[in-house]
Every structure is written in C-alpha cells, then in structure tokens.
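# Descriptive analysis of the structure
Spelled out, the chains give:
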Amino acid sequence: MILFRHLDSPVGTLTIAATDAGLHAIEFPRNRHPADRQGWTEGDHAVIDLAARQLDEYFAATRRAFDLPLAPRGTEFQRTVWMTLAGIGYGDTISYAQLAQRVGKPTAMRAVGAANGRNPLPIVLPCHRVIGADGSLTGFGGGLPTKQFLLQLEGALPPADDLFG
C-alpha cells in the first residue's frame, strides 16, 4: 500500500508518497504527469517523515543533497535517466544533450528529455537542473516558475529581484 501526505512548501503543497520500499513520488500542486493514485491511502510513514524533513531543510537552504530510500516506478530506461539526475550537483545545471551523454545515449536526447519530464521524484532527483543548451528554462512538470524558484534557491540563477544580477 502506498501512503501519502501533503507538505506545505514555498512552491505550493507537495504530495509525498512512499512504502517500505522507499519514496515513490513527490508531486507539485499542478503536476504535468500526475501519478496513478489508485490504491494510495493518506497516512504517515517513516520514509515520508524523513523526506518531509529533508525537503524542509532543502527549502531552508541548509540541505544540498538528499539521503532517502528511493522506489520510483518506471521503465528501466526511465529509472536510469532519473538516477543519473542525482549526479547533477546542487547549483549546477546541464543541458539535455549532456544528460543524454551521461546516460550513455548521446543521440537519444528526445527520449532522455521525455524520461526527465516524467521524473516522479522532482527536487530529490533534480530534473529542474536540466535546461536548454542555450541556457533557457525549458519544460518542467511543476511549471517554469517553480523551476526558476528552485534554480534561484540553489544559486544557479540570480534572484528575480536582483537588479545587478
């Protein structure tokens, strides 16, 4: 049984879901690719508590990396892409082409981009750190304002109100 609960955050109310196997999902309020919630039950779980604490620390700018048991559901290719995201450092960004290279599929940028877009564990597996080759902010399941906020939080973008940035 997948348990979930809601967490208030600076980017809106997140839904965190987990089982004994690990963290299954983190969803934004208006997620582009929401999880199939059939069989989900609202409740508490130690993995959810740990994820909530680490997310709170991340938003408070006191956590740069996550240490959570992960159990995302997807194809082998998707899981490979998602786990590769974990190697993008806090405050760093890479392009979709660079992500495809890291996955070992340099000509599969569209497939890598599609897998990136279906990442069920955003923030923890930092798909927001993947941007266009020209530095533009491109699609993000939580919306571009959320992507911009996360990158600004990490220092990868200057703050929006920084007149000298």
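Residues numbered from 1 in each chain as written. Predicted model: local features only at pLDDT ≥ 70, side-chain atom pairs only at ≥ 80, totals over all residues. Heavy atoms only, no water.

### Some words on the overall build of the protein
In plain terms, the rule: A run of H or I in DSSP becomes a helix once it reaches four residues, and a run of E becomes a strand once it reaches two; helices and strands are each numbered from the N terminus. A radius of gyration in this sense is built from C-alpha atoms; the matching globule rule multiplies 2.2 Å by the number of residues raised to 0.38. Each residue gets one of three labels from its accessible area relative to the maximum for its type: buried under 20%, exposed over 50%, partly exposed in between, using a 1.4 Å probe on protein chains only. We call two residues contacting when some pair of their heavy atoms lies within 4.5 Å. Shrake-Rupley sampling with a 1.4 Å probe provides the accessible areas, and residues are treated as covered by the protein chains on show and by no other component. Under this rule, positive means Lys or Arg and negative means Asp or Glu; His and the chain ends count for nothing. Where a charge sits is defined by one atom per residue type, namely NZ (Lys), CZ (Arg), CG (Asp) or CD (Glu).
From N to C terminus, the protein includes five helices and six strands. Starting at the N terminus and ending at the C terminus, the protein contains elements arranged as β-β-β-β-α-α-β-α-α-β-α. For the protein, the C-alpha radius of gyration of 15 Å lies close to 15 Å, the compact-globule estimate for 165 residues. Per-residue burial for the protein yields a buried fraction of 45% across its 165 residues. Expressed as a percentage of contacts within the protein between residues at least 6 apart in sequence, the contacts between residues at least 24 apart total 58%. Surface accessibility of the protein: about 8,400 Å² in total, with carbon and sulfur atoms responsible for 50%. Of the charged side chains in the protein, 15 are positive and 16 negative, and the gap between their average positions amounts to 8 Å.

### Regarding helix α2 (residues 76–85)
This is how it is decided: Think of the arc as the fan of directions from the helix axis to the C-beta atoms.
Here α2 has its buried residues at Q78, V81, W82, T84 and L85. In a view along the axis of α2, the buried residues occupy a sector of 160°, so they form one face of it. Residues of α2 that are buried sit in contact with α3 (96–103), α4 (109–117) and β6 (130–131).

### Observations regarding the pairing of strand β3 (residues 22–27)
Going by this rule: In this scheme, strands are said to pair when DSSP sees at least two bridges between them.
Extensive coverage of β3 is indicated by the burial of six of its six residues. Pairing analysis gives five bridges linking strand β2 (residues 14–19) to β3, with the strands arranged antiparallel. Within the sheet, the bridge partner assigned to A17 lies in β3 and is A25. With antiparallel pairing between neighbouring strands as the criterion, β2 and β3 make up a hairpin whose turn holds two residues.

### Some thoughts on the packing of α2 against α3
Formally: Helix axes are fitted only over the stretch in contact, all axes being lines through C-alpha atoms; the angle between N-to-C directions runs from 0 to 180 degrees. For classification purposes, angles smaller than 35 degrees are called roughly parallel, those larger than 145 roughly antiparallel, those between 65 and 115 roughly perpendicular, and all remaining angles oblique. Take the far helix as your reference; a near helix turned counterclockwise from it by less than a right angle gives a left-handed crossing, and one turned clockwise gives a right-handed crossing. Here the term charged refers only to Asp, Glu, Lys and Arg, the term nonpolar to Ala, Val, Leu, Ile, Met, Phe, Trp, Tyr, Cys and Pro, and the term polar to all other amino acids, Gly among them.
Direction vectors running N to C along α2 and α3 enclose 110°, while the axes themselves pass 10 Å from each other. With respect to their mutual orientation, α2 and α3 come out roughly perpendicular. In the crossing of α2 with α3, the sense of the turn from one axis to the other is right-handed. Contacts from F77, T80, V81, T84 and L85 in α2 reach L99, R102 and V103 in α3. Of the residues assigned to the contact of α2 with α3, the class counts are five nonpolar, two polar and one charged.

### Quick word on the confidence of the model for the protein
Our working definition: The predictor attaches a confidence to each residue, called pLDDT, with possible values from 0 through 100.
Mean pLDDT over the protein: 92, with 96% of residues reaching 70 or higher. Across the protein, element-level confidence peaks in helix α1 (residues 46–59) with a mean pLDDT of 98 and bottoms out in α4 with 92.

### Brief notes about the packing of aromatic side chains
Formally: A pair of aromatic rings is counted whenever rings of Phe, Tyr or Trp (Trp by its six-membered ring) have centres within 6.5 Å, and the orientation is called stacked for planes under 30 degrees apart, edge-to-face for over 60 and tilted otherwise.
Going through the model one piece at a time under the given rule, you end up with five aromatic pairs. Seen in terms of ring centroids, Y58 and F59 are 5.3 Å apart; in terms of plane orientation they differ by 70°. Their pairing is edge-to-face. Here Y58 and F59 have matching classes, each one buried. Aromatic pair Y58 and Y90: ring centres 6.2 Å apart, planes at 80°, arrangement edge-to-face. On the criterion of sequence distance, the pair formed by Y58 in helix α1 and Y90 in the loop between α2 and β5 (94–95) is long-range, its members being 32 residues apart.

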